[in-house]
Each structure stands twice: as C-alpha cells, then as structure tokens.
Amino acid sequence: MTLKINYLDKKKGTSKNKAFFVGRANKIAEFKGEIDDKTFNDILKFKKDKSLKDNKIISINQNLDQKIVLIYDVKADDEMEYEKLGAKFFDFLKTNEINDIKIVTPRKIKSNLFSSFIHGAELKSYEFDLYKSKKIKKSINCVIDKSTFSSYSKKLEAILEGVNFTRDLVSEPGNILHPDEYAKRLSKLKKIGLKVTIYDDKKLKQMGCNALLGVGQGSIRGSYLVTMEWNGDKSKSKPLAFVGKGVCFDTGGISLKPAKFMEDMTYDMAGSAVVAGLMKNFALRKAKINAVGVVGLVENMPGGNAQRPGDIVKSYSGKTIEVLNTDAEGRLVLADALTFTEKKFKPKFIVDLATLTGAIIVALGSEHAGLFSNNDKLSSQLHDTGIKVDEKVWRLPLTENYNKLM
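Residues numbered from 1 in each chain as written. Predicted model: local features only at pLDDT ≥ 70, side-chain atom pairs only at ≥ 80, totals over all residues. Heavy atoms only, no water.

J.: Go over the overall build of the protein chain with me, naming the residues and quoting the values.
T.: Assigned secondary structure in the protein chain consists of eleven helices and 15 strands. Its C-alpha atoms give the protein chain principal-axis dimensions of about 80 × 50 × 40 Å. Residues counted as buried form 45% of the 406 residues belonging to the protein chain. For the protein chain, the computed accessible surface area is about 22200 Å², with 52% contributed by carbon and sulfur atoms. Measuring between centres, the 68 positive side-chain charges of the protein chain sit 4 Å from its 50 negative side-chain charges. (Helix = DSSP H or I, 4+ residues; strand = E, 2+ residues; numbered from the N terminus. Buried < 20%, exposed > 50% of the residue type's maximum accessible area, 1.4 Å probe, protein only. Areas by Shrake-Rupley, 256 points an atom, 1.4 Å probe, with all protein chains shown as cover. Lys, Arg positive; Asp, Glu negative; His and termini not counted. Charge placed at Lys NZ, Arg CZ, Asp CG, Glu CD.)

Written out as structure tokens, the structure is:
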C-alpha cells in the first residue's frame, strides 16, 4: 500500500472522504463549505471532547459512502511531531481501508508543518515488493491543496528519495546486490551531480588496502572502495566525511556463522546504504556543504582462496593485523576505509556507520545504537538529534584503559 499525492483540481472533482485538522486553535468555521450542517455540528461536539488528546486520529462514519477523519494535531510548532502524526495518519487510512481522501487544511496551519505531515505519511508508506510473484498495486489517493505546501517540501522530497534509496539497497537480497552490482548502482549517482570514484581490486592492491581485500578474497565477486563527493560550498572548506561498512553478505568466512539467522547477513551493508542515501540527499537538495561518502564493498565468503584464521595482512595505514577470526571482518574493511578517508580528504570530522557487532545489541537491545567517539561536541549533537528524530544513540566509553583490550 503506497501513498499517492494528488493536487486539488476542481475540474476533476475530489474525494467524498475528508480529513480535518481540529486540534490547536484551528477554526472549525473554515470547514463549513466542505461539509453539511449535521457533520459540522458533529465535529464541534468531538472538538469539545476533552478526552481526545493531541496526536489522536478518529473517524466519523457519516454513511456508507463517506468517512470524516478528524486529526487532533499537536500544539507546538514542531516539524518532527507533525512528521510522526503524518505516519500515524497513513497507518490509520491503511487500517481502516480508506483508499481515497481529501485533506482539508485550515488557514492556521503553517505550510512547513503541513509539508512535514505529508512527508511523514510518505515515509510510512514505503514498501519493497520487487520480488513478489503476485504484485497487488494498491495505493491511497490523497488530495491536497498545493498552496499549503511550502518550498520546504523540496528539501523533504530530497530526504524521502535518499531514505528510500537506502531502504531499497538494504532490502535487496545478497545474490542481487553483490559488490559488483552495488558499485554499478553507486556509479549512477554521477547523474545527479556527485563525483563518484570506484577503486577496484587492482587499484586497492596497488594502494595497499590489504585489510579490506583480505575480507573479500574468498568471493568470486570483486571488492571495492567507492567515494562519493559533494561540493556545495564554494569556500573550499574541509568536507564532512561519512564512512560506511558495505559487507554485502557475511557468512563469517572460514569462521562460519551458525545457519540460524544467517539470512539476515544480507543487511551487513546497511551502514554503507545510509551513507549512499545521505549523499544522494545532499545532491538532490543542493546542500550548501562539502561532504564525502566512502564505502567499502565486499562479500565475506568461505572458499579455496578465503582468508584463514591466523593470516597476517598489512593495512593501508601500514600496520599489520593478525586475523584470529574471519567473522571479525567489518573492522578490517573499516580500518582501510577510515585511514583512506582521513589521508585523502582531511575532513572536518568522520562519522562511521556500521552493523559492526551483535554484542552491541546484547548491551543496548534494539532501542539505541551504540556510539563511540573521541569528540564530545559531535557526540552531544548526535545524541540530541537522535532523540528528536527517534533514532537514538547511546555513548559508550572509549578511554585509554580499553586500548589494550581492543
């Protein structure tokens, strides 16, 4: 079930089902031309119901042909709250099988808040059904007045495309999105203005990225380091850097994982997918920043040429690494990717995203992502932003006493 946005067109008519924002200080009198007197009086009664709190969505069934949906919107001018309310609205429509509706927006509501509301509904409507044998294309038609949209919505459209690009990449199975295919898809981002450079096995060997190459040497697929650059700031300031782990499938290598839940290891490239989606977002909305995304793409497979426990490799930094467990592959990929990013781009800071270890779930469950950092200011910003957008992180210690253990 997807969401299809249509703009109000008097010639083509509109939906019988209607949704009204009735919280805040919205004046119900504005809606009188949209509904009959009985419905108007019913809405007045519901509005006075003190048991109905902000963020509540209910429907009044007028008859078999029409449903009236009342949205009790939040008091604060908070875009994130409206985004969450939009997601709740989509769920409500889907659950109640309302496939066609017009949203009647009051003059009181700010256009950026309404844009955030629609954005939340669109984010929630995502689905990945590319490989289903029977595709049932159902959509919810949502009619809105274009004048209620703001220029802010262009930024939100870019975010939506970036997020859905990440979701598509993560949802692909390992036999389709292997490193060779992944590198090709990232190369296509050149069309939207990103500078994409692909370092293949041959180049990586010349560069001395043996830690990354060691992880992928058991696979018939290639291994890659891909950089995506966005230069939106003419001042030539140091770029913000984002590094992602892209293990397209992780069997554990010779240190083979148990069969149970191994199918989930197709998600071991999620960190790189976030970086790719973020860079696409920057380019689409012409962000006025300089940023670089770097991803290491490999497949960790057992085989005649696979890395063995006890092997010693020399990383891009020049340090040698003894591999005791080939299922500790993520840190090898990131060792080369992080050093390369630091030396090549000399960034303002680096944010690394990775599905690095299941132990973090033992520590924090699924509520928070683990955050390790040597930068207090950046950590605070990530923590505070995470709470705001409901993508929470929890900082864990990274002091000198842990060096030897690591």
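From this point, things continue past the structure.
J.: Requested: an account of the layout of surface pockets, with residues and values cited.
T.: In this structure, the second largest pocket encloses a volume near 320 Å³. What lines the second largest pocket is a set of 16 residues, and nearest its centre among them are Tyr126, Glu127, Phe128, Asn164 and Asp168. It is helix 4 (residues 152-171) that provides the largest number of residues to the lining of the second largest pocket, a total of five residues. In terms of residue class, the lining of the second largest pocket is made up of six nonpolar, three polar and seven charged. (1 Å grid on protein atoms, 1.4 Å probe; cavity = no way out; pocket = protein on both sides within 12 Å on 5 of 7 lines; lining within 4 Å. Points joined across faces, edges and corners; volume = space filled by probe spheres on them. Nonpolar A, V, L, I, M, F, W, Y, C, P; charged D, E, K, R; others polar.)

J.: Which residues make up a nonpolar patch on the surface, and what values go with them?
T.: On the surface, Phe372, Leu398, Tyr402, Leu405 and Met406 cluster together into a nonpolar patch covering about 590 Å² of accessible area. Counting through the fold element by element, Leu405 comes out in the segment after strand 15 (393-395). Note on Leu405: relative accessible area 72%, which makes it exposed. (Patch = residues over 30% accessible without salt bridge, like charges linked within 9 Å, V, L, I, M, F, W, Y side chains within 5 Å. Salt bridge = Lys/Arg side-chain N within 4 Å of Asp/Glu carboxyl O.)

J.: Outline the sheet that holds strand 4 (residues 67-72), listing residues and values.
T.: Spatial ordering of the open sheet is given by 1-6-5-2-4-3, a layout of six strands whose pairing is mixed. Each edge of the sheet is formed by a strand with only one pairing partner; in this case those strands are strand 1 (2-7) and strand 3 (56-61). Across this sheet, the average inter-strand angle for adjacent strands is 25°, counted without regard to direction. Note that strand 3 and strand 4 share six bridges and pair antiparallel. For Ile60, the partnering residue across the bridge sits in strand 4 and is Ile68. Strands in contact with helix 2 (residues 79-95) are strand 1, strand 2 (18-21), strand 3, strand 4, strand 5 (100-104) and strand 6 (139-144); relative to strand 3, the strand with the most contacts, it is inclined by about 35°. With respect to the sheet, helix 3 (residues 111-124) is in contact with strand 1, strand 2, strand 4, strand 5 and strand 6, its orientation differing from that of strand 1 by roughly 145°. (Pairing = 2+ DSSP bridges. Axes fitted to C-alpha atoms, helices over the stretch in contact; angles between N-to-C directions. Contact = heavy atoms within 4.5 Å.)

J.: Residues and numbers for the packing of aromatic side chains, please.
T.: One pass over the structure, following the stated rule, counts ten aromatic pairs. For the pair Phe21 and Phe117, a centre-to-centre distance of 5.0 Å together with 70° between the ring planes defines the contact as edge-to-face. Here Phe117 lies in helix 3 and Phe21 lies in strand 2, a separation of 96 residues in the sequence. In this structure, Phe21 and Phe117 share a single accessibility class: buried. Ring plane angle 55° and centroid distance 6.0 Å describe the contact between Phe128 and Tyr131, whose orientation is recorded as tilted. Taking the relative accessible area as the measure of exposure, Phe128 reaches 25% and is therefore partly exposed. Members of the aromatic cluster, joined through ring pairs, are Phe21, Phe89, Phe114 and Phe117. (Phe/Tyr/Trp six-rings, centres within 6.5 Å; stacked < 30°, edge-to-face > 60°.)

J.: Just give me the short version of the side chain of Asp129, but keep the residues and values in it.
T.: Within the secondary structure layout, Asp129 lies in the loop between helix 3 and strand 6. Once you skip the residues sitting within four places of it in the chain, Asp129 turns out to touch Lys135 and Lys137.

J.: Can you break down the environment of Gly120 residue by residue, with the values?
T.: Examined against the element boundaries, Gly120 turns out to sit in helix 3. The spacing of Gly120 and Glu79 is 41 residues in sequence and 9.8 Å in space, taken between C-alpha atoms. Setting aside anything within four residues of it in sequence, one finds Gly120 in contact with Glu83, Gly86 and Ala87.

J.: Tell me about unusual backbone geometry, and name the residues and values.
T.: Notably, Glu97 is not glycine yet its phi reads approximately 55°, a positive angle. Mapped onto the fold, Glu97 is located in the loop between helix 2 and strand 5. The backbone of Asp390 sits at a positive phi, close to 65°, despite the residue not being glycine. You can see Asp390 is positioned in the loop between helix 11 (376-389) and strand 15.

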